[in-house]
Amino acid sequence: MNRLEQQLSFILELDKAKRIMRQTYLSDGSRKENDAEHSWHLALMAFVLAEYANEPVDVCKLMKMVMLHDIIEIDAGDTYAYDSEGNASKRQRELKAAERIYRLLPEDQAAEYRSLWDEFEAMETPEAKFANTLDKIQPILLTNAAGGQSWREHGVKESQIKGRNARTAEGSESLWQYAASLIEENIRKGNIDKDADMV
């Protein structure tokens, strides 16, 4: 298979991301979003909101990172953020998926794109920290806009959201403060359960 055929094979494989459904509803609450829509939304946020990153970021690199980070879910499936059982095996499933999917590309691109995925997962660089912030606040923005629908459906607790977002401010203090205010508002509305020990 020549270089172009490898690249087109990868592009066609990624079309499968359109059928990986997430637990986050669209802002109007009409249906749940898919992985491709989530990645597009993150790429949009990456260049629109880059000025709010705690440190300067390479926007092109950031956009590649957020577009590529969920493609492993084609094999691994989407694991709901608050599914403790699913999260126990998530890392193993995703590593296996990354090995297969990135290898569809020519060697140079496979190495570059896989390294972006690894960088996102490690969350050490300014781009990775900000990409993780965007990935965490995007569902908060949508779920708030949809009236807290998925939080209510899953009986999500304040401690679960705060635990998942323990490092979100590392990418952007200002975006996390905004998202945190939405969380507090939804606790007041009863869309998020307040833990007994946090009352």
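Residues numbered from 1 in each chain as written. Predicted model: local features only at pLDDT ≥ 70, side-chain atom pairs only at ≥ 80, totals over all residues. Heavy atoms only, no water.

Draft legend 1. Structural detail: the layout of surface pockets. Estimated volume of the second largest pocket: approximately 170 Å³. As for the second largest pocket, its lining consists of Leu-14, Ala-17, Asp-35, Ala-36, Ser-39, Met-67, Leu-68, Asp-70 and Ile-71. Counting only elements with at least two residues in the lining of the second largest pocket, the list comes to helix H2 (35-48) and helix H3 (59-68). The dominant element in the lining of the second largest pocket, judged by the number of residues it contributes, is H2, at three residues. (1 Å grid on protein atoms, 1.4 Å probe; cavity = no way out; pocket = protein on both sides within 12 Å on 5 of 7 lines; lining within 4 Å. Points joined across faces, edges and corners; volume = space filled by probe spheres on them. Helix = DSSP H or I, 4+ residues; strand = E, 2+ residues; numbered from the N terminus.)

Draft legend 2. Expanded view of the pattern of salt bridges. The full count for this structure, using the stated rule, is 21 salt bridges. The partner of Lys-18 in a salt bridge is Asp-15, with the nearest N and O atoms 2.7 Å apart. Classification of Asp-15 as partly exposed rests on a relative accessible area of 38%. Across the pair Arg-103 and Glu-99 runs a salt bridge, and its minimum N-O distance is 2.8 Å. Accessibility expressed as a relative area gives 33% for Glu-99, which makes it partly exposed. (Salt bridge = Lys/Arg side-chain N within 4 Å of Asp/Glu carboxyl O. Buried < 20%, exposed > 50% of the residue type's maximum accessible area, 1.4 Å probe, protein only.)

Draft legend 3. Inspection of empty space enclosed by the protein at higher detail. All chains considered together, the criterion is met by one cavity of 30 Å³ or more. Considered as a void within the structure, the largest cavity measures approximately 30 Å³ in volume. Lining the largest cavity are Ala-53, Asn-54, Glu-55, Val-57, Pro-126, Lys-129, Phe-130, Glu-170 and Gly-171. Taken together, the residues that form the lining of the largest cavity break down as four nonpolar, two polar and three charged. (Nonpolar A, V, L, I, M, F, W, Y, C, P; charged D, E, K, R; others polar.)

Draft legend 4. Layout of the nonpolar core. Judged by nonpolar contacts, the single largest core of 47 residues is most densely connected at Tyr-102, Phe-130 and Leu-134. Put simply, the parts of the chain that give this core at least two residues each are helix H1 (3-14), H2, H3, helix H4 (73-76), helix H5 (84-102), helix H6 (107-122), helix H7 (126-145) and helix H10 (173-189). Beyond its immediate sequence surroundings of up to four residues, Phe-130 is in contact with Ala-46, Leu-49, Ala-50, Tyr-52, Ala-53, Val-57, Leu-62, Gly-171, Ser-172 and Leu-175. (Core = buried A, V, L, I, M, F, W, Y, C linked by side-chain atoms within 4.5 Å. Contact = heavy atoms within 4.5 Å.)

Draft legend 5. Layout of the packing of H2 against H3. Here H2 crosses H3 at 165°, and the two axes come no closer than 8 Å. In terms of their interaxial angle, H2 and H3 are classed as roughly antiparallel. Crossing of H2 over H3 shows right-handed handedness. Here Ser-39, Trp-40, Leu-42, Ala-43, Ala-46 and Phe-47 of H2 come into contact with H3, specifically with Val-59, Leu-62, Met-63, Val-66 and Met-67. Within the contact of H2 with H3, the residues separate by chemical class into 10 nonpolar, one polar and no charged. (Axes fitted to C-alpha atoms, helices over the stretch in contact; angles between N-to-C directions. Parallel < 35°, antiparallel > 145°, perpendicular 65-115°, else oblique. Left-handed = near helix turned anticlockwise from the far one by under 90°.)

Draft legend 6. Main features of the pairing of strand S1 (residues 21-25). As judged from the two bridges shared by S1 and strand S2 (residues 32-34), these two strands associate in the antiparallel manner. Within the sheet, the bridge partner assigned to Tyr-25 lies in S2 and is Lys-32. In this structure, the hairpin formed by S1 and S2 is closed by a connection of six residues, where Gly-29 is found at a positive phi of approximately 75°. (Pairing = 2+ DSSP bridges.)

Draft legend 7. Structural context of H10. Between the first and last C-alpha of H10 there are 24 Å, a value that for 17 residues agrees with the 24 Å anticipated at 1.5 Å per step. Taken together, the buried positions of H10 are occupied by Leu-175, Trp-176, Ala-179, Leu-182, Ile-183, Asn-186 and Ile-187. The buried residues of H10 all sit within an arc of 145° when viewed along its axis, so they share a single face. Facing away from the buried side of H10 by over 90 degrees, the exposed positions are Gln-177, Tyr-178 and Arg-188. Those residues of H10 that are buried are in contact with H7, helix H8 (149-154) and helix H9 (158-164). (Expected span 1.5 Å × (residues − 1). Arc of directions from axis to C-beta.)

Draft legend 8. Seen up close, H1. Spanning 12 residues, H1 covers 17 Å between terminal C-alpha atoms, matching the ideal 16 Å at 1.5 Å per step. For H1, the set of buried residues is Gln-7, Phe-10, Glu-13 and Leu-14. When H1 is viewed along its axis, its buried side chains cluster within an angular range of 125° and face the same direction. Projecting away from the buried face of H1 at angles above 90 degrees are the exposed residues Leu-4 and Leu-12.

Taken by themselves, the reported measurements are silent on function.
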